Amino acid sequence: MTSMMLQYLEIKEQYKDFILFYRLGDFYEMFFQDAITASRELELTLTGRDCGEKERAPMCGVPYHSVEPFIGKLISKGYKVAICEQMEDPASAKGLVKREVVREITPGTVLESSLLNETKNNYLCSIYFDKSGVGISLADITTGEICATSLENEPSKLLNELGTYGPKEIITNIDSERGAFLKSFASERLGAFVEFDVPQFDYQICTRRVLEQFGTDFLDKYGNDGCLVCATGAILEYIQKTQKTDISYINTINVYGQGQYLEMDLNTRRNLELCETMRAKEKRGSLYWVLDKTKTSMGARMLRNYVEHPLLDVRKIQDRQGAVATLFDNLVLREEISAHLSKVLDLERLMTKVVYGTANGKDMRAIHSTLSVIPDIKNLLYTVNTKELAIIREGLDPLDDICSLIDNMLIDLPPFSIREGGFIKQGYNQEVDQLRDIMTDGRGWIEKIEEREREKTGIKSLRIVYNQAAGYFIEVTNSFLSKVPERYIRKRTLANCERFVTDELKEMESAVLGAKDKLSALEYDLFVELRKTVADNLKRIQKSANMLAKLDVYISLAEVAVKNNYVCPEVDYSDVIDIKDGRHPVVEKFVKDSYFVPNDTYLNTTTDKMALITGPNMAGKSTYMRQSAIIVLMAQIGSFVPAKSARIGVIDKLFTRVGASDDLASGQSTFMLEMTEVAYILANATKKSFIIYDEIGRGTSTFDGMSIARAIAEYTTGKKIGAKSMFATHYHELTSLETEFDGIVNYNIAAKKRGDDITFLRKIVKGPTDDSYGIEVAKLAGVPNEVVKRAKAILADMIETGIAKPIEVKKSAQPELSLSFEDMATYEAADKIKKLDLNTITPIEAMNFIFELKKLFQ
Ligand code: ADP
């Protein structure tokens, strides 16, 4: 084998489960099995390289400057990549060039911005299991954020936690057999990569590691929690192992206890479409999409975190509300701050580049332009005095020292590379200026030599010329050749002149050419020094970045509240959910042309524990239930809510059992899956929880389903749980629960028949529904008339022969709200008039408007 191949194999031996990118000049090459795999996955041509043996080694490669997309592709396909660099300049190396692996890239440790989503954290997760419990730690190495918690050893709790953060990579101390549940959840639900039996979980090493990273404070507080220490220590060790660089920038850990945030499982998050839609997995159509008007990617990430972690502490919620309310009321302030925030770049990720030593001149300028808006924002915040906004104001460090440091040194538009100079401002450093003078003849040395030589030789036409290929010459025209002194060395003869050099000229030439290299090296050194100074101020900058992100979130929430007509909910520790004219924040965006009908919600833990909702398909039951849950959730985020008014007693856990979509991947039947979810809810819900059940028992026979649905309703409202809930069902028989059980109240969604047609009024009213409208809905959906007619005949037949009974409506205790088309038209007209802007409407538009209103009542 050639010595290079031996070196390759020696390194590869240590990175067996990685694809090794081995730097050879301007390429990263892969060999042997790596080459075969990579050529297949990346569609690269597989070639061969002589390796000293009979057969050539399979090889493929990618140019070093465009390596990112290739790494990205491999990572997304579940491979890990190790980058092996040349550690010395091949030109000056004696013998074989020294090479080392400088970074391991795994799904949770990606840093390349093109492989990251700006508005999403990229989490690595470590999970430590022992007999006493489970420790979890999550870190985003692109921003330096880290958090940790510990739980009792119960898989569902752990999976909830993973569902909240959606890590891209999980490392754990258990083996794949014990961790089978983790693996299937990670790959099927999160699309994450799991590594079992990771060696970094040693207690001693972990303890030392957290001590080094977070100081004695951390151990004093959490030292007793072995699971937490091991999970946190291991994640740091793993980051260190993969990054092979100083990771002291990960310096502030958020240790959270259970009971700090509203608990939701992954199903609930997905059902309520908090951050992405259920089917398309897109942001558009989610709650986050409605709420996100942030101007910065730091703010966007923080808002996503807020949405994933609604609070339980009323005081903290009120603090957030206070900030949103102030900005809600103050349009000018909001717009002025927004304008400044639009100039703010991703300081968190930029600072990581600074710490890693990969930030270039453009990155430093980006940091400068971001920091330079801070004083203005700080000043604007002096005009208000809300608690949270005052904290932001005080927390914002103007950082003018760092700002002027960068500004004094770097030109406005530095080049991409920091190796070739040309980015230090004139006047910043004397030596840089001198070297530049030499290079550009700034001090006229050519002229001086020219003049001196003319005088000495008496050759009037003597000139010094420059030519890129051959350097500097003295040019003498033919008529003066006799005057050329001996010390001139002839270089070239042209038609009417000859060219010479002198020792002095040669010296100057090498000084000029040397100056270029010297200058590049000097500029580079100065830049590295600047980068280090900025890195030394990391904590100050991180803190301001965090404040900017927070402010961005509050402004976004305020802006959304103003635009969409939200109100500030009253949040307390009561057991009441009382929403007047609530709307679904997302659905109302999609029914723009028609009118979204607002509805009230009232629940408590005594008289109104469960709203039992009956009504035809498509009437709006799911929308109504989800809107109630989402309004509660928004309130606990600290956001305003889509309603006329709302009082929300905080809930501890939110559950939804919605829809009956077959989970084909896990091979479980719909009904089995539904019951597993119900079992989970019944085991975990408390009196302070809020549960949504949508069409329970659908997946089995009618009588089974109905009995199960009834039993679940009884258990949920009964002594064991007593939670607040909403229960949509098409089993009309369940409506008798209202009279049999305390705290269950019938509701239905009004629909009106007009002949064979059905119109949904979308209004929730007390009392059970009076009909199933199944056949009418089928007609509405476009089922052929012939089938609709035949269905009616079959139904009539069944009623006649006693197989089916027509629905009997018992009068509800409360008189049913009578609703008519006219009522609905009045609501809609009122809404239209409210939204009309009298300042901008023209007389013709006004006429048209009245015409439209009139049409509503025809
Ligand atoms: P169900 O659960 O009763 O089958 P959905 O809640 O899925 O019905 O609602 C069906 C459709 O009706 C929704 O997609 C939405 O477009 C519309 N809708 C629901 N509620 C309202 C409302 N309050 N105002 C206007 N349109 C609504």
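Everything numeric here is computed off the predicted structure, so don't read it as measured data.

(A) Quick peek at the pairing of strand β25 (residues 724-728). Taken across its 5 residues, β25 has 5 buried, putting it largely inside the fold. Bridge count between strand β21 (residues 610-614) and β25: 4 bridges; the pairing is parallel. Counted as the bridge partner of Ile 613 is Ala 728 from β25. Relative to β25, strand β24 (residues 690-694) runs parallel, the two sharing 5 bridges. Of the residues in β25, the one forming a bridge with Phe 690 is Lys 724.

(B) Local environment of the sheet that holds strand β3 (residues 47-49). Ordered by their spatial adjacency, 6 strands build an open sheet running β3-β4-β2-β1-β5-β6, and the pairing between neighbours is mixed. The open sheet terminates on both sides in strands that have one partner only, identified here as β3 and β6 (99-105). Strand after strand, the sheet turns through a mean of 40° between neighbouring axes, direction not considered. Strand direction decides the pairing type here: strand β1 (residues 19-24) and strand β5 (residues 81-86), joined by 4 bridges, are parallel.

(C) Here's a closer look at the site of the ligand. Surrounding the ligand, one finds 13 residues, the nearest of these being Val 597, Met 618, Lys 621, Ser 622 and Thr 623. Gly 620 places a polar main-chain atom, nitrogen or oxygen, 3.0 Å from an oxygen atom of the ligand. In this structure, Lys 621 approaches the ligand through a main-chain N or O atom, which is 2.8 Å from an oxygen atom. When isolated, the ligand has an accessible area of 570 Å², and the protein chains bury 78% of it. When residues of the shell around the ligand are assigned to their parent elements, the largest contribution, 3 residues, is made by helix α23 (residues 621-637). Per-class residue counts for the shell around the ligand are 7 nonpolar, 4 polar and 2 charged.

(D) Spotlight on the nonpolar core. By size, the foremost hydrophobic cluster in this structure holds 172 residues, and its most contacted members are Leu 162, Leu 182, Met 364 and Phe 690. At 14 residues, the largest contribution of residues to this core is made by helix α21 (residues 538-564). Once residues within four sequence positions are removed from consideration, Leu 182 is found in contact with Ile 127, Phe 129, Leu 158, Leu 159, Leu 162, Ile 170, Thr 172, Val 194 and Phe 196. Ranked by size, the runner-up nonpolar core spans 21 residues in total, among them Val 678, Ile 712, Ile 721 and Ile 744.

(E) Fine view of helix α13 (residues 347-356). Judged by how many residues are buried, α13 sits mostly within the fold: 9 of 10 residues are covered. Those residues of α13 lying buried are Leu 347, Glu 348, Arg 349, Leu 350, Met 351, Thr 352, Val 354, Val 355 and Tyr 356. Gly 357 sits one or two residues past α13 and shows a positive phi near 75°.

(F) Layout of helix α12 (residues 331-341). Residues of α12 that are buried: Leu 333, Arg 334, Ile 337, Ser 338, His 340 and Leu 341. Down the axis of α12, the buried set is contained in an arc of 160°. They therefore lie on one face. Away from its buried face, by an angle of more than 90 degrees, α12 presents the exposed residues Val 332 and Glu 335. For α12, the secondary structure elements touched by its buried residues are α11 (314-329), α15 (374-381) and α21.

(G) View of the state of the cysteines. As enumerated under the stated definition, the model contains 0 disulfides in all. There is no disulfide at Cys 125, and the cysteine sulfur nearest it, in Cys 147, is 8.7 Å away. The buried category is assigned to Cys 125, whose relative accessible area is 0%. Cysteine Cys 206 is unpaired, with the sulfur of Cys 230 as its nearest cysteine sulfur at 4.7 Å.

(H) Quick peek at a nonpolar patch on the surface. Taken together, Met 1, Leu 6 and Leu 9 make up a surface patch of nonpolar side chains, about 240 Å² in accessible area. Turning to its location among the elements, Met 1 is positioned in the segment before α1 (3-14). Judged by relative accessible area, Met 1 falls into the partly exposed class, the value being 36%.

(I) Highlighting the side chain of Thr 142. Here Thr 142 is to be found in the loop between β8 (133-140) and β9 (145-151). A distance of 2.8 Å separates a polar atom in the side chain of Thr 142 from a polar atom in the side chain of Arg 349.

(J) Spotlight on the side chain of Asp 292. Structurally, Asp 292 is set in the loop between α9 (287-291) and α10 (297-308). The contact partners of Asp 292, leaving out residues within four places of it in the chain, are Lys 283, Ala 300, Leu 303 and Ser 556.

Rules used throughout
Residues numbered from 1 in each chain as written. Predicted model: local features only at pLDDT ≥ 70, side-chain atom pairs only at ≥ 80, totals over all residues. Heavy atoms only, no water. Buried < 20%, exposed > 50% of the residue type's maximum accessible area, 1.4 Å probe, protein only. Helix = DSSP H or I, 4+ residues; strand = E, 2+ residues; numbered from the N terminus. Pairing = 2+ DSSP bridges. Axes fitted to C-alpha atoms, helices over the stretch in contact; angles between N-to-C directions. Near = heavy atom within 4 Å. Polar contact = N/O pair within 3.5 Å; in protein donor to acceptor, adjacent residues only side chain to side chain. Areas by Shrake-Rupley, 256 points an atom, 1.4 Å probe, with all protein chains shown as cover. Nonpolar A, V, L, I, M, F, W, Y, C, P; charged D, E, K, R; others polar. Core = buried A, V, L, I, M, F, W, Y, C linked by side-chain atoms within 4.5 Å. Contact = heavy atoms within 4.5 Å. Arc of directions from axis to C-beta. Disulfide = S-S within 2.5 Å. Patch = residues over 30% accessible without salt bridge, like charges linked within 9 Å, V, L, I, M, F, W, Y side chains within 5 Å. Salt bridge = Lys/Arg side-chain N within 4 Å of Asp/Glu carboxyl O.

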